Amino acid sequence: MIVAMQELATEEQIDSIIEKLVEAGVNVHRTTGATQTILAAVGPTSTLDIEEYKLLAGVLSVHRISSPYKLAGRAFRPEGTIIEFNNGVKIGGDEIPIMAGPCSIESREQIFLVAQQVKEAGACFLRGGAFKPRSSPYAFQGMGIPGLKLMREAADAFGLLAISEVMEIAQIEPMLPYIDCFQVGARNMQNFNLLRELGKVRKPVLLKRGIAATIEELLLSSEYILAGGNYDVILCERGIRTYETYTRNTMDISAIPVIKKLSHLPIVGDPSHGTGRRDMVPAMARASVAAGADGIIVEVHPNPDKAVSDGAQTLFPDQFTKLVGELRLIAQAVGRSVYANAPATTNV
Ligand code: PEP
Ligand code: MN
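In this convention, every chain numbers its residues from 1, walking through the sequence in written order. As a convention, the first chain written is A and the first ligand written is 1, with the rest following in written order. Local features in this predicted model are restricted to residues whose pLDDT is 70 or higher, and side-chain atom pairs enter the listing and the counts only when it is 80 or higher, whereas totals over whole chains, interfaces and linings include all residues. Neither water nor hydrogens contribute to the side-chain values; these are computed over all heavy atoms in the structure.

A. Summary view of the overall build of the protein chain. Each helix is a run of DSSP H or I of at least 4 residues and each strand a run of E of at least 2, with the numbering of both proceeding from the N terminus. Per the secondary structure count, the protein chain includes eleven helices and 16 strands. Throughout, the radius of gyration refers to the C-alpha atoms, and the reference size of a globule is 2.2 Å times the residue count to the power 0.38. Taking 20 Å as the expected radius of gyration for a compact globule of 348 residues, we find that the protein chain reaches 23 Å, a close match to that expectation. Per-residue accessibility, obtained with a 1.4 Å probe over protein chains only, is compared with the maximum for each type, and a residue is labelled buried under 20%, exposed over 50%, and partly exposed between these values. Taken across its 348 residues, the protein chain has 51% of its residues classed as buried. Nonlocal contacts in the protein chain, meaning residues at least 24 apart in sequence, comprise 68% of its contacts between residues at least 6 apart. When the accessible surface of the protein chain is totalled, it reaches about 15000 Å², and 54% of it is carbon and sulfur. As used throughout, the charge tally considers Lys and Arg to be positive and Asp and Glu to be negative, leaving His and the chain termini uncounted. Working definition for charges: the position is that of NZ of Lys, CZ of Arg, CG of Asp or CD of Glu. For the protein chain, the distance from the average position of its 34 positive side-chain charges to the average position of its 38 negative side-chain charges is 5 Å. Throughout, a contact is declared for two residues whenever any of their heavy atoms are within 4.5 Å. Using the Shrake-Rupley algorithm and a 1.4 Å probe, accessible areas are obtained, with residue cover drawn only from the displayed protein chains.

B. Structural view of the coordination of the manganese ion (ligand 2). For the manganese ion (ligand 2), the protein coordination sphere consists of Cys103 (SG), His273 (NE2), Glu299 (OE) and Asp310 (OD), at 2.1 to 2.4 Å. Spacing between the donor residues of the manganese ion (ligand 2) along the chain follows C-x169-H-x25-E-x10-D. Pair noted here: Cys103 is in the loop between β8 (98-101) and α3 (108-121) and His273 is in helix α9 (residues 271-275), with a separation of 170 residues, a long-range link. Here Cys103 matches His273 in class, with each residue buried. Donor atoms are limited to N, O and S found within 2.8 Å of the metal ion, a distance that becomes 3.2 Å for Na, K and Ca. With water left out, some sites might look partial.

C. Spotlight on unusual backbone geometry. For Asp310, which is not a glycine, the phi torsion comes out positive at approximately 55°. Asp310 sits in the buried class, given a relative accessible area of 19%.

D. Main features of the nonpolar core. Ranked by internal contacts, the top residues of the largest apolar core, which has 64 residues, are Leu126 and Phe320. In plain words, nonpolar cores are sets of buried Ala, Val, Leu, Ile, Met, Phe, Trp, Tyr and Cys residues tied together by side-chain atoms within 4.5 Å. In this structure, Ile83, Leu161, Ile234 and Cys236 belong to the second largest nonpolar core, which totals 16 residues.

E. Geometry of the site of ligand 1. Cys103, Arg127, Lys132, Glu165, Gln183, Gly185, Ala186, Arg187, Lys208, Arg238, His273 and Glu299 make up every residue found near ligand 1. Counted as a polar contact is a pair of N or O atoms within 3.5 Å, where, for protein atoms, one must be capable of donating a hydrogen and the other of accepting one, and residues adjacent in sequence contribute only when both atoms are in side chains. Note that an oxygen atom of ligand 1 is positioned 3.0 Å from one of the side-chain N or O atoms of Lys132. Within the side chain of Arg187, a nitrogen or oxygen atom sits 2.9 Å from an oxygen atom of ligand 1. Protein burial of ligand 1: of its 300 Å² of free accessible surface, 98% is covered by the chains. Definitions used throughout: a 1 Å grid over protein atoms alone; a cavity as a set of points that fits a 1.4 Å probe which cannot get out; a pocket as an open set with protein on both sides within 12 Å along at least five of seven lines; a lining residue as one with an atom within 4 Å of a point. To qualify as sitting in a cavity or pocket, a molecule needs more than half of its atoms within 2 Å of the grid points. Its atoms largely coinciding with the cavity grid, ligand 1 occupies the second largest pocket. A per-class count over the shell around ligand 1 returns two nonpolar, three polar and seven charged. Definition of nearness: a residue and a molecule or strand are near each other if at least one heavy atom of the residue lies within 4 Å of the molecule or strand. For this classification, Asp, Glu, Lys and Arg are treated as charged, while Ala, Val, Leu, Ile, Met, Phe, Trp, Tyr, Cys and Pro are nonpolar and the rest, including Gly, are polar.

Below, the structure written as structure tokens:
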């Protein structure tokens with residue numbers, strides 16, 4: 001960490017900062033230039049709050065030069081992380097898997113039909129929520145474990161992997177037999193107790209960016225899971241809340257290359273929640289792949305107009321089929337490919 005002092009900083013102010021840093025257990029190297037003093041703090045600085053140091057008397061600016069997320073940082077695995085699922089599908093490599101399915105699991109008929117549709121279009125994963133974080137307590141809250149059982153059956157019937165959202169610690173154990181990947185939703189990105197528990201399981205976790213979270217906060221949240229020993233974390237950009245109202249959220253495509261630079265973890269784009277509008281989903285999905293996303297998660301329903309949640313942002317099956325074709329072309333243009341045909345069997 002570098003502390004740049006103001007030109008008029010007094011010796012007393014400089015000494016008091018050195019003292020504070022030393023008390024925190026770091027070594028301080030001082031450089032006194034013609035007009036300005038620079039303090040370089042070396043050691044366990046990741047736990048220091050740089051905002052606190054910025055406010056101290058005589059300080060001009062404070063900069064971190066090492067990342068506060070040790071395990072999520074690119075330096076931990078410069079070559080990047082590739083996560084392999086039970087059926088051999090990988091994420092983080094050259095091949096891009098597509099995750100698709102309804103916002104909510106609604107019935108056996110619905111989940112089987114959509115599983116067939118997304119499989120035929122080229123998806124590797126069936127997505128579907130059984131525990132739904134809804135803004136209103138009166139809105140549909142999800143089918144729970146019976147819904148997950150149906151999703152597992154449908155995923156197995158069509159050779160798909162299954163991904164679903166976990167909202168609380170008590171759901172982790174009961175979900176384990178039915179899913180291949182946990183999803184942590186935007187609203188739970190900073191549910192640190194949940195993240196810590198997910199660090200103990202040996203199943204991949206897709207961690208969505210919080211509605212108002214910075215990229216650094218997303219990476220720090222992933223650090224909770226990694227620190228528990230679960231290194232199979234996938235990050236997800238799903239849009240953030242801004243002053244723009246035309247779209248449900250503002251899809252931060254730039255987060256994709258930023259995360260690729262800062263972290264070794266795979267990053268997935270979610271254009272459905274990123275825009276909230278069916279007509280904008282294909283463009284943002286294409287943009288995600290062009291920007292370097294390792295996967296796409298998209299909402300698809302046999303009849304979106306009848307969907308119990310997120311219908312407005314959900315693609316019709318034929319729109320999804322068309323989109324996958326476009327993504328194949330874009331992937332090729334950036335030296336990647338979309339999975340041609342996912343292996344047909346899974347064994348959770
Ligand atoms: C979802 O995937 O349906 C969902 C609720 O997503 P998010 O947490 O991004 O809002
Ligand atoms: Mn949804």
